[in-house]
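Next come the chains, spelled out residue by residue.
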Amino acid sequence: YMRYVLQIEFLQVPSLWLGVLGVFHLGLVVPWALGLYDASENWWIAHEDIPSAMILISVALISYQCGVIVSLRKPSPESGTTGERQKAPTPANRSLFISGLALTVVAGLMYIIGFRTVFGSHLSSIAYTEMYETVVETDSRWYTAGLLFFPIGIYIAAAAATRKQVRAFFVCAGLWAAWQLFLGFRSKALLILIVMLYIAVKKGFRVPKRALAISVLSVLCIVPIVSLTRDEAFGQRFQERMWHEANPFTGFAEMGQAIWPVAETQRLIGPNQFRLGRTYLSSLSGVIPSIGADYAPGKRLREINLVNSPAYWFVLVTTPGLLRLNLGRGFSAVAEAYMNFGTWGVVIIFFGLGCALVRLEAVSTHSPFSLAAIAIILEPLLWVVRNDSSVFVRTAVWGCSYLFFAWLFASGLASARKRPKRSAVGRALPGRPS
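Residues numbered from 1 in each chain as written. Predicted model: local features only at pLDDT ≥ 70, side-chain atom pairs only at ≥ 80, totals over all residues. Heavy atoms only, no water.

(A) Local environment of the overall build of the chain. A tally of helices and strands in the chain yields 18 helices and zero strands. Within the chain, the proportion of its 434 residues that are buried is 48%. Residue pairs at least 24 apart in sequence account for 77% of intrachain contacts in the chain once pairs closer than 6 positions are excluded. Accessible area for the chain stands at about 21500 Å²; split by element, carbon and sulfur atoms hold 64% of it. (Helix = DSSP H or I, 4+ residues; strand = E, 2+ residues; numbered from the N terminus. Buried < 20%, exposed > 50% of the residue type's maximum accessible area, 1.4 Å probe, protein only. Contact = heavy atoms within 4.5 Å. Areas by Shrake-Rupley, 256 points an atom, 1.4 Å probe, with all protein chains shown as cover.)

Structure, rendered in structure tokens:
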């Protein structure tokens, strides 16, 4: 309906978000219902009210769809409104490109220094589950800062780049994604590729449907392989027997477990326990960096309010042993909306999201700065589908703040170029307008 009735392309923000929302909430139960996958191996299936969770997810999907329909309007030939094929690629901007490139280089150095500090020479003997515990127990500020800013730098530079430069940054993003997959971080790898694909389309590249379908199938095969191998030490990963587990339906099932926090939240949160927006407000506390003299490893984790931090709350009530290791199971945008305001909260929040994402897509072609801002927002916006709002706020605030200063820098340079040169006595130079 989105694609062929509303004429919203698959690689536009409203469709991308709807697709991710559907896969992460229905990827397990739909293949199970069709007899394509056996979900009985998930122990929580027998203990949760899956039909009620399905109803709430359906309410979210319908509300989102209604928001898209209400916000969509017929585009004018000159506009870049959602529903219209982009006629002209987003132009390049040298000043913004330099700002993005500088952030990419600095963040890359921060990541390398932080990675060596946190994991040292013992990386070959560390498994994925041990990495989170190590990050908590050591001073990992350089590592986490590099992890945050490196993709942001790539997005800004790619949004302002020429077509030739975009190809180079796509290769850079691919190498980063491959490294993150090797470490076991599937979300960080897949999200940067999705956002870079979105930027490439806005820069005028055409993505063949066959290549897109092959890429999606490859991702569905890689997801379960990474899930199986990341529990092993680095030196023992990707053995030959692991490749026999490359089943696309297993990939759907791995990603589709966001229905569990929806069911668990419905079961445990009653009308008198709604958070009334506190989880969204508490996510603002993660924006402030830990740079004070009183910093200590693990301090922020100990100070987290578990009641108002949905992802940590979910781990606490389901598998509390993982909480001590800084491990999580993700969460759900649907579950967080319900946790705060109940079913009506799901209706209102998802209706508003549908409206907002249509308008967000409408400004994507206005300038390289608009495209960069949307790319910065898009990554955590997709991630929040399978997590809580804290992952969105921190990335969006810091990324857009840097982009704002880059805009001020570019505006200053542009003003300096337009300002006429004058002689020492204040008169215009010969041949130039005063």
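So, next bit.
(B) Focus on the packing of helix α11 (residues 259-268) against helix α16 (residues 333-362). Following both chains from N to C, one finds α11 and α16 inclined at 15 degrees, their axes separated by 8 Å at the closest point. It follows from the interaxial angle that α11 and α16 lie roughly parallel. In this structure, α11 crosses over α16, and the sense of that crossing is left-handed. Of α16, the residues touching α11 (which contributes P261, V262, T265 and Q266) are V334, A335, Y338 and M339. A class-by-class count of the residues in the contact of α11 with α16 yields six nonpolar, two polar and no charged. (Axes fitted to C-alpha atoms, helices over the stretch in contact; angles between N-to-C directions. Parallel < 35°, antiparallel > 145°, perpendicular 65-115°, else oblique. Left-handed = near helix turned anticlockwise from the far one by under 90°. Nonpolar A, V, L, I, M, F, W, Y, C, P; charged D, E, K, R; others polar.)

(C) Representation of helix α7 (residues 163-183) within the structure. Look at α7: 31 Å from first C-alpha to last across 21 residues, which is about the 30 Å you get at 1.5 Å a residue. V166, F169, A173, W176, A177, Q180, L181 and L183 are the residues of α7 that are buried. Burial along α7 is one-sided: seen end-on, the buried residues are contained in an arc of 145 degrees. Seen from the open side of α7, the exposed residues pointing more than 90 degrees away from its buried face are K164, V171 and L175. Among the residues trailing α7, G184 stands out with phi positive, at a value near 110 degrees. (Expected span 1.5 Å × (residues − 1). Arc of directions from axis to C-beta.)

(D) The nonpolar core, seen in detail. Ranked by size, the top nonpolar core spans 113 residues in total, and within it W17, Y143, M196 and F350 carry the most contacts. It is helix α6 (residues 141-159) that contributes the most residues to this core, 13 residues altogether. In contact with Y143, not counting residues within four places along its chain, are M110, Y111, G114, F115, V118, F119, V135 and F185. (Core = buried A, V, L, I, M, F, W, Y, C linked by side-chain atoms within 4.5 Å.)

(E) Looking closely at the confidence of the model for the chain. When pLDDT is averaged across the chain, the result is 81; 80% of the residues are at 70 or more. Counting interchain partners and residues more than four positions distant, the pLDDT-below-50 stretch residues 75-81 has 11 contacts. Scored below 50 in pLDDT, residues 423-434 shows 10 contacts in the model against residues more than four places distant or in partner chains. (pLDDT = per-residue confidence, 0-100.)

(F) Focus on the packing of helix α4 (residues 94-119) against helix α5 (residues 128-137). Between α4 and α5, whose axes approach to 9 Å, the crossing angle comes to 95 degrees. Between α4 and α5, the crossing angle belongs to the class labelled roughly perpendicular. Here F115, V118 and F119 of α4 come into contact with α5, specifically with M131, T134 and V135.

(G) Local environment of the packing of aromatic side chains. If you walk through the whole model with that rule in mind, you get 19 aromatic pairs. Site record: aromatic cluster; members linked through ring pairs are Y111, F115, Y143, F150, W176, W179 and F182. Looking at R3, its charged tip hangs above the ring of F10, at a distance of 5.9 Å from the centre. (Phe/Tyr/Trp six-rings, centres within 6.5 Å; stacked < 30°, edge-to-face > 60°. Lys NZ or Arg CZ within 6 Å of the ring centre and 35° of its normal.)

(H) Expanded view of the pattern of salt bridges. The tally for this structure, following the rule as stated, stands at four salt bridges. Between R3 and E9 there is a salt bridge, and its shortest N-O distance comes to 3.6 Å. Classification of R3 by relative accessible area gives buried; the value is 10%. In this structure, E264 and R267 form a salt bridge, with 2.8 Å as the shortest nitrogen-oxygen distance. (Salt bridge = Lys/Arg side-chain N within 4 Å of Asp/Glu carboxyl O.)

(I) Region of the structure containing the environment of I222. Examined against the element boundaries, I222 turns out to sit in helix α9 (residues 209-229). With a relative accessible area of 35%, I222 lands in the partly exposed category. Counting along the chain gives 29 residues from I222 to G251, while the straight-line C-alpha distance between them is 7.4 Å.

(J) Looking closely at the environment of V13. Here V13 lies in helix α1 (residues 13-26). Accessibility expressed as a relative area gives 0% for V13, which makes it buried. Between the C-alpha atom of V13 and that of L381, which follows or precedes it by 368 residues, the distance is 9.7 Å.

(K) Summary view of the state of the cysteines. Scanning the entire structure with this criterion turns up zero disulfides. Considering cysteine sulfurs only, C355 is the nearest to C66, which forms no disulfide, with 9.5 Å between them. C66 gets classed as partly exposed once you look at its relative accessible area, which sits at 35%. (Disulfide = S-S within 2.5 Å.)

(L) Inspection of α11 at higher detail. Across the 10 residues of α11, seven count as buried, placing the element largely inside the fold. Packed against the buried residues of α11 are α1, α2 (29-33), α3 (50-71), α14 (310-318) and α16.

(M) Unusual backbone geometry, seen in detail. Positioned with a positive phi, Q7 is a non-glycine residue whose angle comes to about 60 degrees. Looking at the element boundaries, Q7 is found in the segment before α1. For Q7, a relative accessible area of 40% translates into the label partly exposed. One non-glycine residue, L276, lies in the positive phi region at around 55 degrees.

(N) Up close: the environment of W142. Considering the arrangement of structural elements, one finds W142 in helix α6. Linking W142 and I113, residues 29 residues apart in sequence, is a C-alpha distance of 6.9 Å.

(O) View of the side chain of S332. Tracing the chain through its elements places S332 in the loop between α15 (320-323) and α16. Polar contacts involving the side chain of S332 include one to the main-chain amide nitrogen of V334, which spans 3.1 Å. Among the polar contacts listed, one links the side chain of S332 to the backbone nitrogen of A335, at a separation of 3.2 Å. Excluding its chain neighbours within four sequence positions, the residues that come into contact with S332 are H25, A258, P261, V262, V384, V385, R386 and N387. (Polar contact = N/O pair within 3.5 Å; in protein donor to acceptor, adjacent residues only side chain to side chain.)

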